[in-house]
Amino acid sequence: MSDAAQPTAAEVRAAAEAVKAALDRHLAAVERRTGQDDPAVYEAFNALAAAAEAYDELLYDRHDEVTPFEIPDVDDSLPPYAGPEEPHALSVLIRRDYAVVEPQRLIAQARRVTDLDREEEPVTTHAALGVLFGEYEPDEIASRHTDFGLEEGDSTLWVEAAEDLPEPGEWLSTPFDRVDPERIVCRFDISAVFDEDDDDHDDHDDGDDDHDDGDDDHDDGDDDHDDGDDDHDDVIDDESEGPVPVRRV
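Residues numbered from 1 in each chain as written. Predicted model: local features only at pLDDT ≥ 70, side-chain atom pairs only at ≥ 80, totals over all residues. Heavy atoms only, no water.

Taking 1.5 Å of rise per residue, the 25 residues of helix α2 (residues 39–63) would be expected to cover 36 Å, and the 36 Å separating its terminal C-alpha atoms lies within 8% of that figure. Taken together, the buried positions of α2 are occupied by Val41, Ala44, Asn46, Leu48, Ala49, Ala51, Ala52, Asp56, Leu59 and Tyr60. Count one or two residues on from α2 and you reach aspartate 64, which has phi positive near 60°. (Helix = DSSP H or I, 4+ residues; strand = E, 2+ residues; numbered from the N terminus. Expected span 1.5 Å × (residues − 1). Buried < 20%, exposed > 50% of the residue type's maximum accessible area, 1.4 Å probe, protein only.)

Moving on, we get to the nonpolar core. Grouped burial of nonpolar side chains is what soluble globular proteins tend to show. Leu106, Ile107, Ala110, Val123, Ala128, Leu132, Tyr136, Ile141, Phe148 and Leu150 form the largest nonpolar core, which has 10 residues in total. Ranked by residue count, the leading element in this core is helix α3 (residues 103–114), at three residues. Residues contacting alanine 128, with those up to four places away along its chain left out, are Leu106, Ile107, Ala110 and Val123. (Core = buried A, V, L, I, M, F, W, Y, C linked by side-chain atoms within 4.5 Å. Contact = heavy atoms within 4.5 Å.)

Looking now at the pattern of salt bridges. Across all of its chains, the model carries nine salt bridges by this definition. Where glutamate 140 meets arginine 144, a salt bridge forms, and the shortest distance between an N and an O atom there is 2.9 Å. Among the residues examined, glutamate 140 registers a relative accessible area of 31% and is labelled partly exposed. Between aspartate 180 and arginine 183 there is a salt bridge; the shortest N-O distance is 3.8 Å. For arginine 183, a relative accessible area of 24% corresponds to the partly exposed category. Each member of the salt-bridge network shares a partner with another, and the members are Glu140, Arg144 and Asp147. (Salt bridge = Lys/Arg side-chain N within 4 Å of Asp/Glu carboxyl O.)

Structure (structure tokens):
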């Protein structure tokens, strides 16, 4: 980034003040909350996250420093909860995507289940999928997907609150068409896009490595002297890596 494009010190200071104000508003909303899912707390949380993220970016651009906080993505995909405070029923909606990367492995697993003669008419991928999903629970297929020649894609789980349990057979013809986003209690998503976000964050941190380049020539002169301590240095390097970040969904 060129010097002309860098934020000013005043802009960074203003962003810091915005974080302080957002913290005060968030605390005030929490202290005045009217229920577990108070919309005011939801809005104050998102405002605080946005202010902190803006400050983090300006701080890095101006001073090449970062905050010690992991800023969560602001979730605009669902509106504030407006379902029953004391739900008497719930619906769990799950979607898991798979790619069929090894059809022959999939068919072989289906043959083991049905004990089909290999000389009989070959089993199609379509038929093999019906056999396996009829034999195994979805959670077992998810945990053993590579055994079945499958590759995981995105997945999501939604929990929707309800006043009462629907009548038997009421929604079977359209099981996924009646979801009310305002009744979603929580959702959990798994996607490769989250790994890409982590990689982008790592690339952001890699910019700090350039600060150490100037010391390379100085350190090279000590290589022969330090060779005898390689094993000791390896232990230190391993310990200095710190904890591995974990994404929470």
